[in-house]
Amino acid sequence: MSGGALSLEGTPYDLTEFSRLWFVATTTYGVGDVVTTIALVQFSASVSEANAVLRTAIDAFGLWGLVGLKLLAFLVCLGISLAGARDADPLLYYGPPTTLALVGAFTTAYNVRLLFG
């Protein structure tokens, strides 16, 4: 019997691998990018958010708008990855956490550079 929508049971993928992939995505995108973006928005008078969607969310809801949009993107990607696992589709399985990790690493490094000049 196969597991539910949030399970890897019955898929060719390993829970340990899945956890490691999403740990890296969480660390870079979920923590690094969010923390450095908050630091820029709160403490830099010369730098503003370049992403129009994020800027609008921040203007409307404050930092919770930023966190909410990041969380939404993260959950959508997690859902795609789980669907890819159920379909045994490596692109859909590996793509979302890899993309978030790369975007998170880049934006974190970029934000740190903006913070420290």
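Draft legend 1. Structural context of the nonpolar core. Leu8, Tyr13, Phe18, Trp22, Ala25, Tyr29, Phe74, Cys77, Leu82, Ala85, Tyr93 and Leu100 together form the largest nonpolar core, which totals 12 residues. Those elements giving two or more residues to this core turn out to be helix 1 (15–43), helix 3 (63–86) and helix 4 (90–116). When near neighbours in sequence (up to four residues on either side) are disregarded, tryptophan 22 contacts Phe74, Cys77, Leu78, Ser81, Pro96, Pro97 and Leu100.

Draft legend 2. Up close: the packing of helix 1 against helix 3. Contact geometry for helix 1 and helix 3: axes closest at 11 Å, N-to-C directions at 165 degrees. Accordingly, the angle class assigned to the pair helix 1 and helix 3 is roughly antiparallel. Of the two possible hands of crossing, helix 1 and helix 3 adopt the one that is right-handed. Across the interface between the two elements, Phe18, Trp22, Ala25, Thr26, Tyr29, Asp33, Val34, Thr37, Ile38, Val41 and Gln42 from helix 1 touch Leu63, Leu66, Val67, Lys70, Ala73, Phe74, Cys77, Leu78, Ser81 and Leu82 from helix 3.

Draft legend 3. Quick look at helix 2 (residues 52–61). Within helix 2, the full set of buried residues consists of Leu54, Ala57 and Ile58. Mapping the buried residues of helix 2 onto a view down its axis gives an arc of 100 degrees, with all of them on the same face. Residues Thr56, Asp59 and Ala60 are exposed on helix 2 and point more than 90 degrees away from its buried face. The secondary structure elements touched by the buried residues of helix 2 are helix 1 and helix 3. The N-terminus of helix 2 is capped by asparagine 51, whose side-chain oxygen sits 2.9 Å from the backbone nitrogen of valine 53.

Draft legend 4. Quick peek at helix 1. Taking 1.5 Å of rise per residue, 29 residues should cover 42 Å, and helix 1 covers 39 Å from first to last C-alpha, within 8% of that figure. Taken together, the buried positions of helix 1 are occupied by Phe18, Trp22, Ala25, Thr28, Tyr29, Gly32, Asp33, Val34, Thr36, Thr37, Ala39 and Leu40. Contact partners of the buried residues in helix 1: helix 3 and helix 4.

Draft legend 5. How the structure looks around the packing of helix 2 against helix 3. Orientation of helix 2 relative to helix 3, taken along the N-to-C sense of each, is 135 degrees, at an axis distance of 6 Å. Between helix 2 and helix 3, the angle is such that the two are oblique. Crossing handedness for the pair helix 2 and helix 3: right-handed. Contacts between helix 2 and helix 3 involve Val53, Leu54, Ala57, Ile58 and Phe61 on the former and, on the latter, Leu63, Trp64, Gly65, Leu66, Leu69 and Lys70. Taken together, the residues that form the contact of helix 2 with helix 3 break down as 9 nonpolar, 1 polar and 1 charged.

Draft legend 6. Structural detail: the environment of aspartate 14. Locating aspartate 14 in the fold gives a position in the segment before helix 1. Since its relative accessible area comes to 44%, aspartate 14 is described here as partly exposed. Remark: the alpha-carbon pair of aspartate 14 and alanine 85, spanning 71 residues in sequence, is separated by 9.7 Å. Discounting chain neighbours no more than four positions away, the residues touching aspartate 14 are Leu8 and Tyr93. A polar contact is formed between the side chain of aspartate 14 and the backbone nitrogen of threonine 16, at a distance of 3.2 Å. A distance of 3.1 Å separates a polar side-chain atom of aspartate 14 from the backbone nitrogen of glutamate 17.

The rules behind these values
Starting afresh in each chain, residues are numbered from 1 along the sequence in its written order. Where local features are concerned, this predicted model is filtered to residues with pLDDT of at least 70; where side-chain atom pairs are given and counted, the filter is 80 or more; whole-chain, interface and lining totals use all residues. Note that the side-chain values use all heavy atoms of the structure and ignore hydrogens as well as water. Each nonpolar core is a collection of buried residues, namely Ala, Val, Leu, Ile, Met, Phe, Trp, Tyr and Cys, held together in the definition by side-chain atoms within 4.5 Å. Each residue is placed in one exposure class: buried if its accessible area under a 1.4 Å probe, protein chains only, is under 20% of its type's maximum, exposed if it is over 50%, and partly exposed if it falls in between. Helix and strand assignments come from DSSP, with helices taken as H or I runs of at least 4 residues and strands as E runs of at least 2, each series counted from the N terminus. The contact criterion used is simple: two residues touch if any of their non-hydrogen atoms lie within 4.5 Å. The angle between two axes is taken between their N-to-C directions and runs from 0 to 180 degrees, where each axis is a line fitted to C-alpha atoms and a helix contributes only its stretch in contact. Here roughly perpendicular refers to angles of 65 to 115 degrees, roughly parallel to angles under 35, roughly antiparallel to angles over 145, and oblique to all remaining angles. Left-handed is the label given to a crossing in which the near helix is rotated counterclockwise from the far helix by less than a right angle, and right-handed is the label when the rotation is clockwise. Here the arc refers to the set of directions running from the helix axis out to each C-beta atom. Under this definition, polar contacts are N or O atom pairs within 3.5 Å; protein pairs additionally need one hydrogen-donor-capable and one acceptor-capable atom, and for neighbouring residues in sequence, both atoms have to be side-chain atoms. Take the residue count of a helix, subtract one, and multiply by 1.5 Å to get its expected span. For this classification, the nonpolar set comprises Ala, Val, Leu, Ile, Met, Phe, Trp, Tyr, Cys and Pro, the charged set comprises Asp, Glu, Lys and Arg, and every other residue, Gly included, is treated as polar.

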